[in-house]
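Structural overview for review
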Amino acid sequence: MLRALCAVVLLAPLPLQAQQQAPIRGFPNDQVEAQSRREAQARAVPSRDTLRALVRALSAVPHEAGTDRSRHVAELLLARFRAMGLNARIEQFEALMPRPLTRTLELLSPEPWAASLREPALSQDPTSGQADQLPTFNAYSPDGDVTAELVYVNYGRPEDYRVLDSLGISVKGKIVIARYGQSWRGIKPKVAAEHGAIGCIIYSDPRDDGYFVDDVYPTGPMRPPAGVQRGSVMDMPTYPGDPLSPGWAAVAGGRRLTQAEATTLEKIPVLPIGYGDALPLLRTLTGPVAPEAWRGSLPLTYHIGPGTTKVHLALTFEWRSRPLYDVIATIPGAVWPDQWVVYGNHHDAWVNGAEDPSSGQAALGETARSLASLLKTGWRPARTIVLAAWDGEEWGLLGSTEWAEAHADELRTKAVVYYNSDTNGAGWIGAAGSHALEQFITEVARDVRDPLSAKSALQAALDHRRAERTARDTSRDTTFTLGALGSGSDYTAFIDYLGLPSVNLSYGGAAHSGIYHSIYDSYTFYERFLDTGYVYGVTEAQTMATAVLRMADAPLLPFEFRAPARTYRRYADEIAKLAARNDTTKGLDLSALRTALDRLDTAAVSWERERAAFDTIRGRDAARRRPTLGAVNRLLASSEQALTDSAGLPRRPWFRHLIYAPGFYTGYGVKTMPGIREAVEQVNAGEAQKEAARVAAALTRYADVVHRAADALAAALR
């Protein structure tokens, strides 16, 4: 019944009259109807049956990066793009990708025991027993053979080590065991090594990712005892991409660092395990009972150690560079071919990867088919559209980073936006990115329908947020806003290194999933527990088709600057409050930054006044003004780059954006105004003041670009 209802909802388009009544940013009022009709045509194309077939084909076999199986998936996508009539090619790079040779984890005392280090096949999941599955490991762990006492460090965050210090417990010369969650996995061995540990084990606790949440697979959707989260532990907050070519593209025969020179490789051996293998280790620990917040849901009393528990951890890897296959499809622009709208999703997986990444890659494929269907009607985009299927994302954003570095100068000149997707599930629209695109994404969500109701995706998301807001959680935002981007997916090089306007967008939140980076991320699991009717895959494809079309065809790029001004002021207020808590940093002077924000406020108002005047001109008048509008659009597209600094952030020059970056000790989680914020957190008043001056200068540059764009638009409309 549910699937039948979904089909009815998906086949019923949004009332065109409602779309006509709502303005579309970037289009004169008399062009809105034609644009709405074109978007409705595109949204009618994505098919649940096609998505189902694509997810099944893409996840048919394990296809980790650097293998012929990954190349086969790339060639499948290439053939599909070409069959649609798109100009498509494979761009090949290479990157250091170590594969595990041997893995040993043994308990030596108080009693001998050896970890299984394997995920068993399930009769209910046909692909779980396939050959060529990559063993459970953490990419970019070094080789190592260590024996030491074991210490439990909770999530392995800096604050957890402060608790250990308060208890008088040192991890120096010890092996630590940390549970997954609360920070990115690569932070755990990084912080452990900084505190003198010689090895790190990471396990999934059932409280976070197992039977405490829901029934385990195959009965339910959560991680079974032997399920293991593979994943990279590259120090991506320093730089992502090939560890041997930071800032330049890794191509065959090109310049490379030595392995000893690479700064993103972990310093101590690290291995992931399931909670079935963690239980015998944790059960033997003695020492203080862990604080309540440190206790998981295994059937034991959580102790910290150290004590008589001694562990042997030994790992070896085959260290060599392997090929990457990025698939790039292009639809040339008819009016401004040197302005690019780029949309990407990765295609490599740790194993079969039905959810991560095939669900998102299949939706991108249906967006491509939507655009190809419009091409057959005679439509041509005003701007060039670039569709990308990246390789090597799982290892450390390899394929997207190498491509962005290879085309850096061209992208800085031509790209007007980068859209990213990754996994897609059932639930509500979620988006993060450049805040100049907040109003634009709000309008896109307004004009796409939620598949399980008669509401727009925007209204469904707002209703969900309001339902989640309770008397005990009044802080929950009940308006639609963009989150800030940290890292963890392929947008990183585009926003953090190149300074391009970027958005990451997907649907999810309505279903549990405990198979992340395991052999159980399969077509069978996805069909049973996630987007079971593929209706949200359709919605993702429709949403991205709408976003691509609008950005590609808008006579005036649909940027809006009141949201950045409002949001960046909130960041400054947060930092001021943080600084005031410590005597060393309470004198932080943010007056120059606030003056720059005032200038941005004024520029944003000026821009909106001129943009509103643009809405009222006739479409044919906009066409006559294309040369002058092209100059305005170039200013708008370059505005995000004003927020970058070629010197980069302190101690990590690859990250050039001064407003958004992953935290040095969060990995994926964002730090906004990171140079100032992290200096305050580290109680470094001098650096915080220096970074405040740099951010103020960047915001002044940003405001100046907006002012110039407003003046140029005013002149174009005279």
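These numbers come from a predicted model, not from an experiment.

Let us look at the confidence of the model for the chain. With 96% of its residues at a pLDDT of 70 or more, the chain has an overall mean of 95. Predicted confidence for residues 1-20 stays below pLDDT 50, and this span has 37 contacts to residues more than four positions away or in other chains.

Within this structure, the stated rule accounts for four cavities of 30 Å³ or more. Its boundaries defined by the atoms lining it, the largest cavity holds a volume of some 40 Å³. What lines the largest cavity is Leu 54, Leu 58, Leu 77, Arg 80, Phe 81, Met 84, Gln 361, Ala 362 and Gly 365. For the lining of the largest cavity, a count of residues per class yields six nonpolar, two polar and one charged.

Between its first and last C-alpha atoms helix H19 (residues 562-580) spans 27 Å; for 19 residues at 1.5 Å apiece the expected length is 27 Å, and the two agree. Regarding H19, the residues found buried are Ala 563, Pro 564, Ala 565, Thr 567, Tyr 568, Tyr 571, Ala 572, Ile 575 and Ala 579. Buried residues in H19 make contact with helix H14 (438-446), helix H20 (591-615), strand S17 (660-662), strand S18 (670-672), helix H23 (674-681) and helix H24 (685-717).

In this section: the layout of surface pockets. Any empty space left between atoms is shown by rolling a water-sized probe over those atoms. The volume enclosed by the largest pocket comes to roughly 1,200 Å³. Listed by contribution, the elements that provide at least two residues to the lining of the largest pocket are helix H8 (206-209), helix H10 (354-375), helix H11 (393-396), strand S15 (427-433) and strand S16 (502-509). Among the elements that line the lining of the largest pocket, the one with the most residues is S16, at six residues. Class assignment for the residues of the lining of the largest pocket results in 15 nonpolar, 18 polar and nine charged. Lining the second largest pocket are 27 residues, and of these Pro 158, Tyr 665, Glu 678, Glu 681 and Gln 682 lie nearest its centre. Of all the secondary structure elements, the ones that give two or more residues to the lining of the second largest pocket are helix H6 (158-167), helix H7 (187-194) and H23.

What follows concerns the sheet that holds strand S9 (residues 270-273). If you trace the seven strands from one edge of the open sheet to the other, you get S3-S2-S10-S5-S6-S7-S9, paired in mixed fashion. The open sheet has two edge strands with one neighbour each: strand S3 (113-114) and S9. Two elements, strand S5 (residues 144-152) and strand S10 (residues 310-318), share six bridges in a ladder whose sense is antiparallel. Of the residues in S10, the one forming a bridge with Ala 148 is Val 311. The strands that H7 touches are strand S6 (175-179), strand S7 (199-203) and S9; relative to S7, the one it contacts most, it runs at about 150 degrees.

Here we take up the packing of H19 against H23. Following both chains from N to C, one finds H19 and H23 inclined at 15 degrees, their axes separated by 10 Å at the closest point. The angle between the axes of H19 and H23 places the two elements in the roughly parallel class. Note on packing geometry: the crossing formed by H19 with H23 is left-handed. Contact residues: H19 offers Tyr 571, Glu 574, Ile 575, Leu 578 and Ala 579, while H23 offers Ile 676, Arg 677, Val 680 and Glu 681. When its residues are assigned to classes, the contact of H19 with H23 shows six nonpolar, no polar and three charged.

Conventions adopted
Residues numbered from 1 in each chain as written. Predicted model: local features only at pLDDT ≥ 70, side-chain atom pairs only at ≥ 80, totals over all residues. Heavy atoms only, no water. pLDDT = per-residue confidence, 0-100. Contact = heavy atoms within 4.5 Å. 1 Å grid on protein atoms, 1.4 Å probe; cavity = no way out; pocket = protein on both sides within 12 Å on 5 of 7 lines; lining within 4 Å. Points joined across faces, edges and corners; volume = space filled by probe spheres on them. Nonpolar A, V, L, I, M, F, W, Y, C, P; charged D, E, K, R; others polar. Helix = DSSP H or I, 4+ residues; strand = E, 2+ residues; numbered from the N terminus. Expected span 1.5 Å × (residues − 1). Buried < 20%, exposed > 50% of the residue type's maximum accessible area, 1.4 Å probe, protein only. Pairing = 2+ DSSP bridges. Axes fitted to C-alpha atoms, helices over the stretch in contact; angles between N-to-C directions. Parallel < 35°, antiparallel > 145°, perpendicular 65-115°, else oblique. Left-handed = near helix turned anticlockwise from the far one by under 90°.

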